[in-house]
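For reference, the chains in residue letters:
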Amino acid sequence: MESKSRPRERHRDEPGSASPDHARLPEHERTFERVSDLAAARAEWTRLAAQAGNIFSTWEWAAAWHRHLGGGADLAVAIARRPTGAATAILPLCVVRESPFRLVRFVGAGPADQLGPVCAPAERGDAAIALRHHVDEVLGGSGLFLGERIWGDAPLGPQLGGGVVRRAASPVLPILGAGFDDFLASRSRNFRSQVRRRERNLYRAGRVAYRLTQHPDQLDADIRSLMRLHAARWSSGQSTALSGPRAQFHLDFARRALENGWLRLWTLELDGRPIAAWYGLRYAGIESYYQGGRDPAYDHLHVGFVLLCHTIRCAFQDGMREYRFGLGDEPYKSRFAENDPGLDTVAIAAGARGRLALAAIHAALLMPERVRRAAWQLGGRSAA
């Protein structure tokens, strides 16, 4: 399973500076409420996140991010409202640094697979216009907004007046009421054989158990087992997705997710020994694979592949409508997925410093991968 901290992303040769002629929201329709803290927006945020269907847009994700990864970020969260007062979108921005230029991002940026305005799909167009007004206000005429990992099937770049500076893969398997056996029947004979043969071989090796974390008293041990197996898989240090400050963030968020019935933390055991783990989230009928790990000593048994197939089978059995493979275009994902809406990073530059920062990003995208990745380390947290 590939590291989410090192996705292979592509960029588009599109301009990323703001359009000075961007349409204005009519004054009689424009209502924004700035909130002083996340708690003040919790009830409306929770309602809108459920409509958005994105686990990374939940209030719980934002709150855990702010506690553990927000650092010195200044919150700039607003609620977009109709003239009636009804909330239509949460605009979750923060200022992550002021010098040498103001950098504005979404709350939750870095570990999140998908971000953007928190709203129902039908409200995305109006939310994009509202977001642009809010971005302009927060930038104050100087700085750079990086709107990372906006869902690609609802492109907001043109509506925001900015440009897409980077595009990442995010493969999806629609389930649509089919069964897992029906899904396998739609694949090649070789693929079906691999799925079944590899699980049979694992069962021949010993006593196999798939264990889902369901009780709070199991969580700490299980998530630390996940982190240990992830570190073993990436022993050369390519991935920091579950280590450092992110370790405490995930421990915190996983507790909230378990309380809400969102957590899908699977441990694959052989003769009582954890040999692979899968960390996913289930929200609004969508199963999202987030991270995994495995003991390299059992690679000959393809334990990562076997556990992945088990989670997909469970998503089918439990009536999920979609299985998302998360950030990155690793080849194994294409064997399962059927489409890829992609994830866009949209940039809006304001003032001379903002335009200079944006030009530096465009230049970095032309550099070798290692240099480019270093250039995207903005404000101490990955902007990729």
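See above for the structure.
Below is a summary of the structure that appears in this document. Owing to the predicted nature of the structure, the values given are computational and were not obtained by experimental measurement.

Description of the environment of Thr 240
Then, number 1: The topology assignment puts Thr 240 in the loop between helix H7 (216–233) and helix H8 (245–260).
Then, number 2: A relative accessible area of 46% means that Thr 240 is categorised as partly exposed.
Then, number 3: Taking the C-alpha atoms as reference points, Thr 240 and His 230, 10 residues apart in sequence, are found 9.4 Å from one another.

A look at the environment of Ala 169
Then, number 1: The residue Ala 169 is located in the loop between strand S7 (163–168) and strand S8 (172–174) in this model.
Then, number 2: Judged by relative accessible area, Ala 169 falls into the buried class, the value being 1%.
Then, number 3: With 157 residues separating them in the primary sequence, Ala 169 and Gly 326 have C-alpha atoms 8.1 Å apart.

With respect to the packing of aromatic side chains
Then, number 1: Evaluated as defined, the whole model comprises 20 aromatic pairs.
Then, number 2: The ring of Phe 305 carries the charged tip of Arg 198 above its face, separated from the ring centre by 4.7 Å.
Then, number 3: The ring of Trp 234 has Arg 233 lying over it, and the distance from NZ or CZ to the ring centre is 4.0 Å.

Looking at the packing of helix H2 (residues 59–68) against H8
Then, number 1: In the contact formed by H2 and H8, the axes pass within 9 Å of each other and the chain directions differ by 150°. Comparing their axes, H8 and H2 come out roughly antiparallel. The two elements H2 and H8 meet at a crossing, and its hand is right-handed. Taking contact as the criterion, the partners of Glu 60, Trp 61, Ala 64, Trp 65, Arg 67 and His 68 in H2 are, on H8, Pro 245, Gln 248, Phe 249, His 250, Asp 252, Phe 253, Arg 256 and Asn 260.
Then, number 2: Residues belonging to the contact of H2 with H8 are distributed by class as follows: six nonpolar, four polar and four charged.

Some details on the sheet that holds strand S9 (residues 208–212)
Consider a sheet: its strands pair through backbone hydrogen bonds, and that pairing is either parallel or antiparallel.
Then, number 1: Ordered by their spatial adjacency, six strands build an open sheet running S8-S13-S12-S11-S10-S9, and the pairing between neighbours is mixed. Looking along the sheet, the strands with just one partner apiece sit at the ends: S8 and S9. Pairs of neighbouring strands in the sheet enclose a mean axial angle of 20°, with direction left out of account.
Then, number 2: Bridge analysis of strand S12 (residues 286–294) against strand S13 (residues 322–324) gives three bridges, and the strand direction is parallel. Paired with Ile 286 across the two strands is Glu 322, which belongs to S13.
Then, number 3: Taken strand by strand, H7 contacts S9, strand S10 (263–270), strand S11 (273–283) and S12, and its axis lies near 65° from that of S12.

Thresholds, definitions, all that
- Residues numbered from 1 in each chain as written.
- Predicted model: local features only at pLDDT ≥ 70, side-chain atom pairs only at ≥ 80, totals over all residues.
- Heavy atoms only, no water.
- Helix = DSSP H or I, 4+ residues; strand = E, 2+ residues; numbered from the N terminus.
- Buried < 20%, exposed > 50% of the residue type's maximum accessible area, 1.4 Å probe, protein only.
- Phe/Tyr/Trp six-rings, centres within 6.5 Å; stacked < 30°, edge-to-face > 60°.
- Lys NZ or Arg CZ within 6 Å of the ring centre and 35° of its normal.
- Axes fitted to C-alpha atoms, helices over the stretch in contact; angles between N-to-C directions.
- Parallel < 35°, antiparallel > 145°, perpendicular 65-115°, else oblique.
- Left-handed = near helix turned anticlockwise from the far one by under 90°.
- Contact = heavy atoms within 4.5 Å.
- Nonpolar A, V, L, I, M, F, W, Y, C, P; charged D, E, K, R; others polar.
- Pairing = 2+ DSSP bridges.

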